[in-house]
Amino acid sequence: MSKTHLGHRARKRFGQNFLNDENVIESIVDAIHPQKGENLVEIGPGLAALTEPVADRCEHLRVVELDRDLADRLESHPFLSKQLEVIRADAMKVDFKTFASPEHKLRVFGNLPYNISTPLIFHLLKFSDHVEDMHFMLQKEVVDRLTAEPGSKTYGRISVSVQQRCEVQKVLEVPPEAFTPPPKVESAVVRLRPYAVSPTPVKDVQQLQSLCLTAFNQRRKTIKNNLKQLIDDTQLEALGINPSARPETLSVADYCRIADWLTDNQKSL
């Protein structure tokens, strides 16, 4: 299949792969379940594969698009242009809380470029108080990490950080042939629903993220080795944690307890 799709050539630097399988598109839109009057924001609408069916159901949405050609195309679209507010910006630099209102939290969705998906999710977590839910098409490997349980090989920093803040669910898997050009990886759709009150509260989210970065830096070492500059064996045991455990065996609640101890004792990472 040609790399030019509907007159637009996919750009490698933006990580563009355009969704074009009608059945997959319908399944994703059903999972999002957009309704009239909701506050929907799409990141990276591309050639509007999801934008059109979502706009049909909700009548109005905001889209954040960095590619100038694609933004022009959306603003001059024969019928979609009336339903869209096009934000020409890098999603990593957008202050998403400005789109929310007390009555309407944000519902964010998108087929995220693989090269920025993890940092973008961390960016969006900063606005989780203003977000109802998020539906993202991601590399399947990233979705596996988001949904991973303690003890699994895929469990790590992003698993802990996201699960502390959100209920996480894999919605469906998407084969490479659903895209033009087909990516070299499998894809999947994930649903992230921020908790009103987290079952594993933490005093300082930034402290937790820094802790996870340090703890998972060398996965083969024990937790006491990876955190030896910050906390000793006795203190780990007092928090109910085995100092000889591997980082991937600790639960989200375990990491929150360590993070809170670091906060209380003004230990910075």
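Residues numbered from 1 in each chain as written. Predicted model: local features only at pLDDT ≥ 70, side-chain atom pairs only at ≥ 80, totals over all residues. Heavy atoms only, no water.

1. Some thoughts on the overall build of the protein
The secondary structure content of the protein amounts to ten helices and eleven strands. Relative to its length of 269 residues, the protein is compact, with a C-alpha radius of gyration of 20 Å against a globular reference of 18 Å. With the principal axes as the frame, the protein shows a C-alpha extent of 65 × 45 × 30 Å. The burial tally for the protein puts 52% of its 269 residues in the buried class. Within the protein, residue pairs in contact and separated by at least 24 positions form 67% of the contacts whose partners lie at least 6 positions apart. (Helix = DSSP H or I, 4+ residues; strand = E, 2+ residues; numbered from the N terminus. Rg over C-alpha atoms; globule rule 2.2 N^0.38 Å. Buried < 20%, exposed > 50% of the residue type's maximum accessible area, 1.4 Å probe, protein only. Contact = heavy atoms within 4.5 Å.)

2. Focus: the nonpolar core
Formed by 32 residues in total, the largest nonpolar core has its most connected members in Phe96 and Phe136. When contributions to this core are tallied by element, the ones reaching two or more residues are strand 4 (39–43), strand 7 (106–111), helix 4 (117–125), strand 8 (131–139), helix 5 (140–147), helix 6 (157–165), strand 9 (166–174) and strand 11 (187–194). Counting residues per element, this core draws most heavily on helix 4, which supplies five residues. Dropping the residues within four chain positions of it, Phe96 is found in contact with Val41, Ile43, Val64, Ala91, Leu106, His123, Leu124 and Phe127. If you look at the next biggest cluster of nonpolar residues, it comprises 27 residues, including Ala55, Leu61, Val86 and Phe179. (Core = buried A, V, L, I, M, F, W, Y, C linked by side-chain atoms within 4.5 Å.)

3. Considering the state of the cysteines
Applying the stated rule across the entire model yields zero disulfides. Counting only cysteine sulfurs, Cys256 is the nearest neighbor of Cys166, a cysteine outside any disulfide, at a range of 13 Å. Free cysteine Cys256: the closest other cysteine sulfur is in Cys212, separated by 8.0 Å. In this structure Cys256 comes out as buried when scored by relative accessible area, which is 3%. (Disulfide = S-S within 2.5 Å.)

4. Re the UniProt feature "binding site: S-adenosyl-L-methionine" (unreviewed entry) in the protein
Following the UniProt record, one finds the feature "binding site: S-adenosyl-L-methionine" (unreviewed entry) at Asn17, Leu19, Gly44, Glu65, Asp90 and Asn111. Tracing the sequence through the fold places Glu65 in strand 5 (residues 61–65). A distance of 2.9 Å separates the side chain of Glu65 from the backbone nitrogen of Asp67, its partner in a polar contact. Along the polypeptide, Asn111 turns up in strand 7. Sequence-distant contacts of Asn111, that is, excluding residues within four places in its chain, are made with Asn17, Leu19, Ile43, Gly44, Met137 and Phe179. (UniProt positions renumbered as here; feature names shortened; annotations may be inferred. Polar contact = N/O pair within 3.5 Å; in protein donor to acceptor, adjacent residues only side chain to side chain.)

5. A word on the domain arrangement of the protein
Interfaces are often sized by the amount of accessible area the parts lose when they come together. What the domain assignment reports for the protein is domain 1 (4–194) and domain 2 (205–265). Here domain 1 and domain 2 have C-alpha centroids that lie 32 Å from each other. Interface of domain 1 and domain 2: buried area, both sides summed, is about 1000 Å²; carbon and sulfur atoms make up 69% of it. If you sort the residues of domain 1 by the area they bury against domain 2, Tyr155, Arg157 and Val160 come out on top, with a joint share of 46%. Where domain 1 meets domain 2, there are zero salt bridges. (Domains from an automatic or database assignment. Buried area = accessible area lost by both parts, 1.4 Å probe. Salt bridge = Lys/Arg side-chain N within 4 Å of Asp/Glu carboxyl O.)

6. Things to note about helix 3 (residues 68–75)
Turning to helix 3, its buried residues number three or more, namely Leu70, Ala71 and Leu74. Buried residues along helix 3 cover an arc of 100° about the axis, so they all sit on one side. (Arc of directions from axis to C-beta.)

7. A few points about the pairing of strand 8
With eight of nine residues buried, strand 8 is to be regarded as a mostly interior element. Across six bridges, the pairing between strand 7 and strand 8 is parallel. Bridge pairing in strand 8 places Leu106 opposite Val131. What joins strand 7 to strand 8 is helix 4, and the crossover it makes is right-handed. (Pairing = 2+ DSSP bridges. Right-handed = clockwise from strand over helix to strand, strands pointing away.)

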